Amino acid sequence: MKRSIRAFMIILCCFFLSGCWSSKEMSDLAFVTAVGISKDKDENKYKVSLQVVNPGSVAGGQQASVQDAPVTIMSSTAFNPFEASRHVTSKMSRNLYYAHTNLIVIDEELARTKGLYELFDFIERSDQLRETATIVIAKGTSAENVIKNLTPIDRIPAVYVNKMLKNAEDNGGQNIKVTVDEVLQKITSQGREPIINGISIQGSAEEGSMQESIQGSDPKGKLEASGIAIFREGKLIDWVKGYNVHGILWTTNKVKDIVDSIDWENHKKAIALQTIRAKSKLDVKWKHGRPIILINIETEGNINGVNVSVDLRDPQVIQKIESLWEKQIEQEVMKTVKRAKKDKSDIFGFGRTIYEHSPKKWKELKDDWNVKGFTEVDVDVNVNAFIRRTGLRNQPFLSNPNR
């Protein structure tokens with residue numbers, strides 16, 4: 001009796017197994033690795049470009065033939081991005097597959113005019129695009145040109161861009177890798193604006209899209225991480241680049257590896273310092289009913305280079321270097337805050353900090369926060385810097401004329 005019941009239960013379970021009814025053959029799929037969204041010549045239309053992998057040219061990894069382009073670019077236009085992406089299917093022999101899409105490129109002109117809100121409604125609503133995908137702004141060129149540009153070392157351009165941004169963020173502190181999810185969190189919350197890294201093309205965009213470009217030692221068109229795009233109410237309004245990015249990273253707790261050079265007496269940029277650890281925290285205090293934003297920064301670093309005669313064995317010298325470093329970080333932060341206030345864009349999340357600490361008071365300030373509240377808020381920066389190591393040499397060569 002027990003055996004018959006067991007057999008009946010097994011047979012009954014079979015009716016609830018879905019099997020492989022929705023399976024798709026690999027040979028029927030076109031793997032989309034990057035999506036570029038631009039304005040069409042008709043300003044009411046979007047142009048969506050897809051970077052699709054050519055399986056035969058990358059099947060052998062790095063040893064694959066370089067005669068064939070690793071990706072194909074397919075484009076179409078329509079009145080909304082979703083419709084444009086669907087129109088591409090009429091040009092494909094395979095079904096578009098977005099599970100491996102790890103890069104979304106937005107045209108600079110589109111970001112300035114139409115902004116992010118309409119685009120991100122499409123991106124978030126899509127059940128195919130991943131929120132972990134990296135998002136960038138095509139700076140000084142079109143989104144289509146960026147995803148068309150072929151790259152050396154990593155044959156798939158989308159993979160190359162992701163690795164380049166990660167490397168630039170981890171080493172140098174002048175760029176930042178931003179995901180779709182991070183931007184969504186900022187544009188859907190109060191009191192903070194998004195920032196997105198830019199990608200430009202150094203050289204010829206036309207030649208950079210040709211296979212011959214990467215067959216030589218000096219590609220004709222090179223993708224480069226280029227500045228941080230600043231937004232206000234969803235629209236691109238400014239670019240910050242170079243050392244000005246440091247202030248953003250210090251304030252938003254995104255410092256990983258920054259190299260700073262401080263002045264020593266009459267010598268400019270005499271001592272090079274490398275950050276190895278950093279932690280930043282925003283707080284708020286109230287004075288006469290007005291908020292004061294507190295930026296508390298703690299950092300540790302190493303001395304990586306010295307161009308002056310200085311005794312690094314002297315604790316007082318180390319303390320002075322730490323003090324100068326603290327002052328420089330404070331200046332970098334305040335310079336960036338001043339720039340953001342001029343742009344009327346709370347990219348640091350000061351408003352969000354006020355909301356989290358005092359929701360009732362935030363209600364009184366949230367109207368026109370970027371234009372009025374943010375531009376008038378007082379900011380107090382407190383930096384605590386510590387030199388962890390001075391390197392393998394305590395005494396600079398300049399301190400010993402006899403070497």
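Residues numbered from 1 in each chain as written. Predicted model: local features only at pLDDT ≥ 70, side-chain atom pairs only at ≥ 80, totals over all residues. Heavy atoms only, no water.

> For this particular structure, what's the right way to read helix α14 (residues 369-376)?
Because an α-helix packs 3.6 residues into every turn, residues spaced three or four apart end up facing the same way. Of the positions making up α14, those classed as buried are Trp369, Asn370, Gly373 and Phe374. Buried residues of α14, seen end-on, are gathered within an arc of 105 degrees and therefore sit on one face of the element. Where the residues of α14 are buried, they touch β8 (221-232), α11 (315-343), α12 (350-357) and α13 (359-365). (Buried < 20%, exposed > 50% of the residue type's maximum accessible area, 1.4 Å probe, protein only. Helix = DSSP H or I, 4+ residues; strand = E, 2+ residues; numbered from the N terminus. Arc of directions from axis to C-beta. Contact = heavy atoms within 4.5 Å.)

> It is not clear to me how the sheet that holds strand β11 (residues 267-287) should be interpreted in this structure. Could you clarify?
Hydrogen bonding along the main chain pairs the strands of a sheet, whether they run parallel or antiparallel. Read across the sheet, four strands follow the order β10-β11-β12-β13 without closing on themselves; strand pairing throughout is mixed. The two strands at the open ends of the sheet, each matched to only one other strand, are β10 (259-264) and β13 (378-389). The average undirected angle you get between the axes of adjacent strands in this sheet is 40 degrees. By the bridge criterion, eleven bridges tie strand β12 (residues 290-306) to β13 in an arrangement that is parallel. Bridging from a neighbouring strand, glycine 301 pairs with isoleucine 387 of β13. Contacts from helix α10 (residues 244-251) reach β10, β11 and β12, with the element oriented near 45 degrees to β11. (Pairing = 2+ DSSP bridges. Axes fitted to C-alpha atoms, helices over the stretch in contact; angles between N-to-C directions.)

> How should unusual backbone geometry be read in this particular structure?
For residues besides glycine, phi is generally negative; the peptide bonds are generally trans as well. Residue isoleucine 153 is not a glycine yet carries a positive backbone phi of 65 degrees. Along the polypeptide, isoleucine 153 turns up in the loop between α6 (143-148) and α7 (157-170). On the basis of relative accessibility, which here comes to 69%, the residue isoleucine 153 falls in the exposed class.

> Would you mind going over the environment of valine 161 with me for this structure?
Take valine 161: it is sitting in helix α7. Accessibility expressed as a relative area gives 2% for valine 161, which makes it buried. In this structure the C-alpha to C-alpha distance between valine 161 and asparagine 102, which are 59 residues apart in sequence, comes to 9.6 Å. Not counting residues within four places of it along the chain, the set of residues in contact with valine 161 comprises Leu103, Ile199 and Leu223.

> Mind showing me how you'd approach the packing of α10 against α11 here?
Helix-helix packing is characterised by the crossing angle of the two axes and by the distance between the axes. One way to put it is that α10 packs onto α11 with a least axis distance of 8 Å and a crossing angle of 100 degrees. Relative to α11, the element α10 lies roughly perpendicular. Across the interface between the two elements, Asn244, His246, Gly247, Ile248, Trp250 and Thr251 from α10 touch Ile329, Glu332, Val333, Lys335, Thr336 and Arg339 from α11. Among the residues making up the contact of α10 with α11, the classes are represented as four nonpolar, five polar and three charged. (Parallel < 35°, antiparallel > 145°, perpendicular 65-115°, else oblique. Nonpolar A, V, L, I, M, F, W, Y, C, P; charged D, E, K, R; others polar.)

> Honestly, the packing of aromatic side chains in this entry has me stumped. Any pointers?
Two descriptors summarise a pair of aromatic rings, namely the distance from one centre to the other and the angle between the planes of the rings. As enumerated under the stated definition, the model contains five aromatic pairs in all. Between the aromatic rings of phenylalanine 348 and phenylalanine 350, the centroid separation amounts to 5.1 Å while the plane-to-plane angle is 25 degrees, which identifies the pairing as stacked. Residue classification places phenylalanine 348 among the buried positions, given a relative accessible area of 6%. Summarising the aromatic geometry, the rings of phenylalanine 350 and phenylalanine 374 are spaced 5.8 Å apart at their centres and angled 50 degrees between planes, so their arrangement reads as tilted. Taken together, the residues phenylalanine 350 in helix α12 and phenylalanine 374 in helix α14 connect sequence positions 24 residues apart. Taking the relative accessible area as the measure of exposure, phenylalanine 350 reaches 0% and is therefore buried. Residue class for phenylalanine 374 comes out buried when judged on its relative accessible area of 0%. Members of the aromatic cluster, each reached through a chain of ring pairs, are Phe348, Phe350 and Phe374. (Phe/Tyr/Trp six-rings, centres within 6.5 Å; stacked < 30°, edge-to-face > 60°.)

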